[in-house]
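# Notes for the structure review
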Amino acid sequence: MGDLSNKPGRLQRAPENFLTEEQVKAVGAGRRDFMRKSFLAASAAMMAPVAARAVEGDPEILNLPPWSTTLGLPVATNPYGQPSKYESQLLRRESPGLTRVGGASVSFAPLQGLFGIITPSGLHFERHHQGWHDVDPARHRLMINGSDPAFLKKPKVYTMDQLMRLPSVSRIHFIECGANTGLEWGNVAVPTVQYTHGMLSCSEFTGVPLKLLLEDCGVDYKKARYVLAEGADGSSMTRTIPMEMVENGEVLVAYGMNGEMLRPENGYPLRLVVPGVQGVSWVKWLRRIEVGDKPYATKDEAVHYIDLMPDGLHRQYTSVQECKSVITTPSGGQRLLEQGFYNVSGLAWSGRGKVTRVDVSFDGGINWKTARIEGPVQNKALTRFNVDWVWDGKPAILQSRAMDETGYVQPSYGQLRAVRGTKSIYHNNAIQSWKIVESGEVSNVQVL
Ligand SMILES: Nc1nc2c(c(=O)[nH]1)N[C@H]1C(S)=C(S)[C@@H](COP(=O)(O)O)O[C@H]1N2
Ligand SMILES: [Mo]
């Protein structure tokens with residue numbers, strides 16, 4: 001640990017999860033201001049350890065609050081538990097800059113307010129090409145067939161009951177939309193990490209390996225080298241997945257997420273989990289799997305999620321999400337309220353395997369310090385990193401740079417643009433920079 005004797009700094013939350021006036025009153029009005037003044041007046045004498053920072057005469061110490069003197073609510077008041085009302089501002093949100101076309105839109109996960117690596121199911125980002133449905137599981141079917149009878153001997157249709165009786169596995173994986181961080185290509189500099197990186201979530205998924213189902217249907221791996229996954233919603237989402245990803249057992253036909261059934265917005269009752277691959281291949285409301293001998297070139301892969309390269313050609317079938325990271329605290333829209341110690345925290349991930357190292361810079365990439373990685377590190381999952389920092393009140397630029405087990409290092413904007421040019425919309429995994437000025441305000445800047 002770093003120098004904790006230095007007074008710990010406080011962080012003002014980003015506007016998206018500000019406490020409302022009412023909530024501030026509820027947690028003790030005026031106290032913030034009072035504490036702030038005390039800090040400003042701080043001298044060496046005040047630099048006590050963190051635990052002993054209570055202000056003398058603090059009414060919250062002197063008076064018993066109602067929750068200590070009255071009866072609490074009975075069990076099962078909320079048969080399905082909800083977050084505290086004081087956390088009601090932590091929500092997935094639609095970007096003010098993006099328009100909704102029918103049901104087609106996106107809501108971003110509030111990364112700035114999340115801890116560890118699991119995204120609470122109610123805050124998992126959403127991306128629908130044609131809105132979402134609460135599908136009746138009793139009426140849902142999964143068909144598995146071949147584009148030629150020689151590819152798969154016994155085509156089958158499974159009910160949910162049949163699928164859920166089969167041997168299952170549970171694995172933690174991240175899902176990231178290929179469009180995540182897309183606006184930054186044009187240096188639009190959206191204000192908060194929710195909008196720069198919030199098309200990203202990580203859950204424990206439970207389901208049946210697709211390999212098991214294909215083998216149950218008598219697949220011939222020598223002939224069937226590709227899989228087409230199709231959703232039951234109006235968008236008829238279809239994506240080709242190379243058979244190697246299925247054969248290694250990683251691709252799951254999942255019904256569980258974080259210990260319960262999938263949420264409707266995330267594909268209830270059945271979705272494909274394609275670890276490491278961009279979100280669009282994780283087909284929701286999965287109704288059909290077809291095996292074939294070549295990529296299908298459907299609309300969702302021929303014209304969507306492709307990148308226009310400097311030579312005028314399109315880069316297609318770039319499905320794996322490369323190694324990437326972002327500092328979530330402090331991040332854009334927040335404010336450091338005083339100098340002192342901060343736990344700088346963020347997320348790193350790689351579609352190619354495990355994250356092995358994250359370095360953090362406080363001076364825009366001149367000097368780097370290796371962060372603590374909070375293990376156990378999972379394969380193709382979000383990985384939490386933390387690093388100690390004492391802010392001296394001077395301007396700073398915070399960055400994180402992740403590395404994965406293949407040796408790949410997350411690129412700077414300069415390095416990424418040198419290869420990809422400037423016409424991409426998707427697959428931006430460049431190093432994110434947060435600028436901090438003397439007032440403590442944190443904003444999104446681009447450093448080449
Ligand atoms: N059937 C279907 N599957 C779908 C989509 C869709 O619109 N329909 N959207 C895809 C896209 S583009 C992404 S990024 C992920 C988002 O998954 P989520 O909504 O659970 O976060 O689902 C994918 N699977
Ligand atoms: Mo997506």
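Across its full length, the protein chain holds ten helices and 25 strands. Classification of the 448 residues of the protein chain by burial places 50% in the buried group. In the protein chain, of all internal contacts separated by at least 6 residues, the share reaching a separation of at least 24 is 72%. Taken as a whole, the protein chain presents about 20800 Å² of accessible surface, with 56% of it coming from carbon and sulfur.

A few words on the sheet that holds strand E21 (residues 372–373). Read from one edge to the other, the open sheet built from four strands follows the order E16-E18-E22-E21, with strand pairing classed as antiparallel. Of all strands in the sheet, those bounded by a partner on one side alone are strand E16 (324–329) and E21. When strand E18 (residues 340–349) meets strand E22 (residues 383–391), the two strands line up antiparallel, connected through nine bridges. Bridging from a neighbouring strand, valine 344 pairs with valine 387 of E22.

One can find threonine 181 in the loop between strand E6 (169–176) and helix H6 (193–197). Judged by relative accessible area, threonine 181 falls into the buried class, the value being 4%. At 3.1 Å, the side chain of threonine 181 and the backbone oxygen of threonine 196 are in polar contact. Other than its neighbours up to four places away in sequence, threonine 181 contacts Thr196, His197, Lys324, Tyr413 and Asn428.

Position of alanine 381 relative to the elements: it lies in the loop between E21 and E22. It is 8.3 Å that separates the C-alpha atoms of alanine 381 and proline 275, two residues lying 106 residues apart in sequence. Apart from the residues within four sequence positions on either side, alanine 381 is in contact with Ile172, His173, Phe174, Cys202, Ala348 and Trp349.

The environment of ligand 1 is made up of 22 residues, and the closest members are Phe125, His129, Asp233, Arg271 and Lys284. Take phenylalanine 125: an N or O atom from its main chain is 2.6 Å from an oxygen atom of ligand 1. In the environment of ligand 1, an oxygen atom lies 3.0 Å from a nitrogen or oxygen atom belonging to the backbone of arginine 127. Here ligand 1 has 530 Å² of accessible area as a free molecule, and 100% of this is covered by the chains. The pocket occupied by ligand 1, as judged from atoms lying within 2 Å of grid points, is the largest cavity. Taken together, the residues of the shell around ligand 1 break down into nine nonpolar, seven polar and six charged.

The subject of this paragraph is the packing of aromatic side chains. Enumeration over the complete set of coordinates arrives at six aromatic pairs. Centre to centre, the rings of phenylalanine 108 and tyrosine 195 are 5.5 Å apart; their planes meet at 85 degrees, and the pair counts as edge-to-face. Here the residue phenylalanine 108 occupies a position in the loop between strand E2 (105–107) and strand E3 (126–128), and tyrosine 195 occupies one in helix H6, the gap between them amounting to 87 residues. The pair phenylalanine 108 / tyrosine 195 is uniform in exposure class, with both members buried. Seen from their ring centres, tyrosine 305 and tyrosine 426 are 4.9 Å apart, and the 35 degrees between their planes marks the pair as tilted. In this pair, tyrosine 305 sits in the loop between helix H9 (299–302) and strand E14 (307–308) while tyrosine 426 sits in the loop between helix H10 (413–420) and strand E24 (433–436), placing the two residues 121 residues apart along the sequence.

Moving on, we come to unusual backbone geometry. In most cases, non-glycine residues show a negative phi, while peptide bonds are predominantly trans. The omega torsion across tyrosine 268 and proline 269 is 5 degrees, close enough to zero to call that bond cis. Among the structural elements, proline 269 can be located in the loop between strand E11 (260–261) and strand E12 (271–273). One non-glycine residue with positive phi stands out, namely threonine 181, at about 70 degrees. Not every positive phi belongs to a glycine, and histidine 427 is a case in point at roughly 55 degrees. Along the chain, histidine 427 turns up in the loop between H10 and E24.

This part is about the sheet that holds strand E13 (residues 286–292). Sheet architecture is open: five strands sit in the order E5-E4-E13-E8-E9, paired in mixed fashion. In this open sheet, the two strands that pair with only one neighbour each are strand E5 (156–159) and strand E9 (238–242). Geometrically, the sheet is characterised by an average inter-axis angle of 20 degrees between neighbouring strands, direction not taken into account. When strand E8 (residues 226–231) meets E9, the two strands line up antiparallel, connected through five bridges. Each residue of the ladder has a partner; that of alanine 229, found in E9, is arginine 239.

Burial analysis of E16 places six of its six residues in the buried class, the great majority of the element. In this structure, E16 lies alongside E18, joined through five bridges in antiparallel fashion. Note that in E18 the partner of threonine 329 across the bridge is serine 345.

What follows concerns H10. Restricting attention to buried positions, one finds in H10 the residues Tyr413, Leu416, Arg417 and Arg420. The arc enclosing the buried residues of H10, seen along the axis, measures out at 95 degrees, which places them on a common side. Looking at H10, the residues exposed on the side facing more than 90 degrees away from the buried face are Gln415, Ala418 and Val419. Packed against the buried residues of H10 are E14 and strand E15 (314–315). Note on H10: the residue one or two positions beyond its end, glycine 421, has a positive phi of about 75 degrees.

On inspection of all chains with the given rule, the structure shows three cavities of 30 Å³ or more. Volume-wise, the largest cavity comes out at about 230 Å³. Lining the largest cavity are 21 residues, with Arg127, Arg271, Gly279, Trp282 and Lys284 sitting closest to its centre. One number sums up the size of the second largest cavity: a volume of about 40 Å³. Forming the walls of the second largest cavity are Leu111, Leu114, Phe115, Gly116, Ile117, Ile118, Thr119, Leu347, Leu382 and Arg384. Split into classes, the residues belonging to the lining of the second largest cavity amount to seven nonpolar, two polar and one charged.

Cut-off values and rules
- The written sequence of each chain sets the order in which its residues are numbered from 1.
- Written order decides the labels, with chains lettered from A and ligands numbered from 1.
- Only residues with pLDDT of 70 or above have their local features reported here, since the model is predicted, and side-chain atom pairs are shown and tallied only from 80 upward, although totals for entire chains, interfaces and linings are computed over all residues.
- With hydrogens and water excluded, all non-hydrogen atoms of the structure serve as input to the side-chain values.
- Under the scheme used here, helices are H or I runs from DSSP no shorter than 4 residues and strands are E runs no shorter than 2 residues, and both carry numbers assigned from the N terminus.
- Only protein chains enter the calculation, and the probe is 1.4 Å; a residue is then buried if its accessible area is under 20% of its type maximum, exposed if over 50%, and partly exposed in between.
- Contacts are assigned to residue pairs that have any heavy atoms within 4.5 Å of one another.
- Using a 1.4 Å probe, the Shrake-Rupley method yields the accessible areas, and only the shown protein chains count as cover for residues.
- In this description, strands pair whenever DSSP reports at least two bridges between them.
- Counting of polar contacts relies on pairs of N or O atoms within 3.5 Å, with two restrictions inside protein: one atom must be capable of donating a hydrogen and the other of accepting it, and residues adjacent in sequence are counted only when both atoms are side-chain atoms.
- Distances are taken per atom, and a residue is near a molecule or strand as soon as one of its heavy atoms is within 4 Å of it.
- Here the term cavity refers to a set of points on a 1 Å grid, laid over the protein atoms alone, in which a 1.4 Å probe fits but cannot get out; the term pocket refers to an open set having protein on both sides within 12 Å along at least five of seven lines, with lining residues being those that place an atom within 4 Å of a point.
- Criterion for pocket placement: a molecule counts as inside a cavity or pocket if more than half of its atoms are within 2 Å of its grid points.
- Basically, the charged four are Asp, Glu, Lys and Arg, the nonpolar ten are Ala, Val, Leu, Ile, Met, Phe, Trp, Tyr, Cys and Pro, and anything else, Gly included, counts as polar.
- Stacked, edge-to-face and tilted are the three classes for Phe, Tyr and Trp ring pairs, Trp counted by its six-membered ring, which pair at centre distances within 6.5 Å; planes under 30 degrees apart are stacked, over 60 edge-to-face, the rest tilted.
- Only the stretch in contact is used when fitting a helix axis, every axis being a line fitted to C-alpha atoms; angles between N-to-C directions are given from 0 to 180 degrees.
- This arc is built from the directions going out from the helix axis to the C-beta atoms.
- Grid points are joined across faces, edges and corners, and a volume is the space filled by probe spheres set on the points.

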